[in-house]
Amino acid sequence: MHSLDAGQQQHPVNASLLFCLRIRIAFRNRTLYSFPAREFDGRRAERQTMKRLRPLFTALFFCALFACPSFAQQSDVAPTPPMGWNSWNHFAGRIDDQIVREQAKAMVTSGLKKAGYKYIVIDDTWAGDRDAQGFIQPNKKFPDMKALADYVHSLGLKFGIYSSPAGKTCAGYTGSRDHAQQDAETYAKWGVDYLKYDWCQRPGDPERLKAAYEEMHQALLKTGRPIVYSLCEYGWFQVWRWGASVGGNLWRTTGDVSDNYWAMSNIGFGQNGLQNFAGPGHWNDPDMLEVGNGGMSEDGYRTQMSLWSILAAPLMAGNDLTKMTPYTIELLTNPEVISVDQDPLGKQGYRVAQEGPLEIWMKPMADGSKVVGLFNRQTTADPMTVNFDEIGVRGEATIRDLWLRKDLGTFKDKFSAYVPGQGVVLVRIKEK
Ligand code: GLA
């Protein structure tokens, strides 16, 4: 397994501070300057030189410090997987200013905001033409993007938008090609906090693709505004290996999800093996949630929430937040399930055992416990067992059912449960 490039990278702020420190040490050790020794009166002259250069060190130090916000989308903006709502899965091209306002309001009144959801992201179909100077304008569905962003912010939420490195977006609207810097500036001016950047046509050359993502990364950095950077190119050229190096905070690893168990489960269970490429600040993204859109059974949606949480996947609701059944709200807001997704350790879970359509997945948690999902992918219910040695637990352990929010007691060596068809039992196991 290759190691993650981004993991080896130094945070830019640390790198700048270190740079200052190195210069200072170099001066101390006289490796950076080489005045003739005669001109120095030993240590006194050196002290004087250091004194003269003090303002320079101070300036460099503060430069590094104040550069901090402009590097934010490297990792600070997404220490845990982003949570929010995106317009595409439910509204697609029918999205407009009014609907976005209603969704934002519902995110607050339904309790989703309280549960941790915060980004309201407008997907494709908002862009209009460019003005004479080349600045992008929204189309007539969005009369005033800045006012809309202000409204979203006034609710204590964050505002996201969508574009493409290509000339056209997937739905044929104006993309950012040749205008990355101008578009980044416009987003910053509007108050954008999240950008989904989506390239629909696979280029033959991976370097072209990487360069286009890096170009927008640099453009965003230049604005000085912390903006979550979401790459969308369906996993082409193993994006999980290089997504973080072009500034991605998350990157889609697959094609589009849709609102049926087959599509959702193929994507979700197909994530096994990518766990080493995700971590705080940079996440694998198996696409948005379909919970509440009506195409799956309750167990199907429970499977998506459980699996996405084990995967430490971004939780972007994709339903109509103004029309949710109590059950949909319960599925989207269960705090114990969300805390699996948002665990600060930031480990993506993986499959530990499989017997045909029965799969056991495990996510290591910051407190040392293990979250285990017993997933039944066939249509009829079946008993399933997790053996503690499969998850690195020895002897006795306490077990809590996260959907029932109930302690199940102490178990030794294994745990068995009856799992509904296309359903899941999600438990947290803590060695005693
Ligand atoms: C692609 C993306 C979707 C959505 C649409 C919009 O298909 O994968 O998530 O953004 O484009 O056109």
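Our subject in this report is the structure included herewith. (Residues numbered from 1 in each chain as written. Predicted model: local features only at pLDDT ≥ 70, side-chain atom pairs only at ≥ 80, totals over all residues.)

## Details of the site of the ligand
Taken together, the neighbourhood of the ligand is formed by Trp88, Asp123, Asp124, Thr169, Cys170, Ala171, Asp198, Cys232 and Asp256. Its residues assigned to classes, the shell around the ligand comprises four nonpolar, one polar and four charged. (Near = placed C-beta within 6 Å. Nonpolar A, V, L, I, M, F, W, Y, C, P; charged D, E, K, R; others polar.)

## Some points on the sheet that holds strand S12 (residues 358-364)
Ordered in space as S11-S12-S13-S18-S15-S16, the six strands form an open sheet in which the pairing is antiparallel. The sheet is open, and its two borders are formed by strand S11 (350-355) and strand S16 (406-412), each paired with just one other strand. Direction aside, neighbouring strands of the sheet carry axes that sit 25° apart on average. Taken together, the six bridges between strand S15 (residues 396-401) and S16 define a ladder with antiparallel strand orientation. Bridge assignment links Ala397 to a residue of S16, and that residue is Phe411. Against the sheet, helix H12 (residues 298-310) engages S12, strand S13 (370-376) and strand S18 (423-431), with an angle of about 35° to S18. (Pairing = 2+ DSSP bridges. Helix = DSSP H or I, 4+ residues; strand = E, 2+ residues; numbered from the N terminus. Axes fitted to C-alpha atoms, helices over the stretch in contact; angles between N-to-C directions. Contact = placed C-beta atoms within 7 Å.)

## Section: the pairing of S11
It is a general feature of regular strands that their side chains alternate between the two faces of the sheet. Alignment of S11 against S12, held across five bridges, turns out to be antiparallel. Bridge assignment links Tyr350 to a residue of S12, and that residue is Met362. Turn length for the S11-S12 hairpin, with the two strands adjacent in sequence and antiparallel, is two residues, and the turn residue Gly356 shows positive phi of about 55°.

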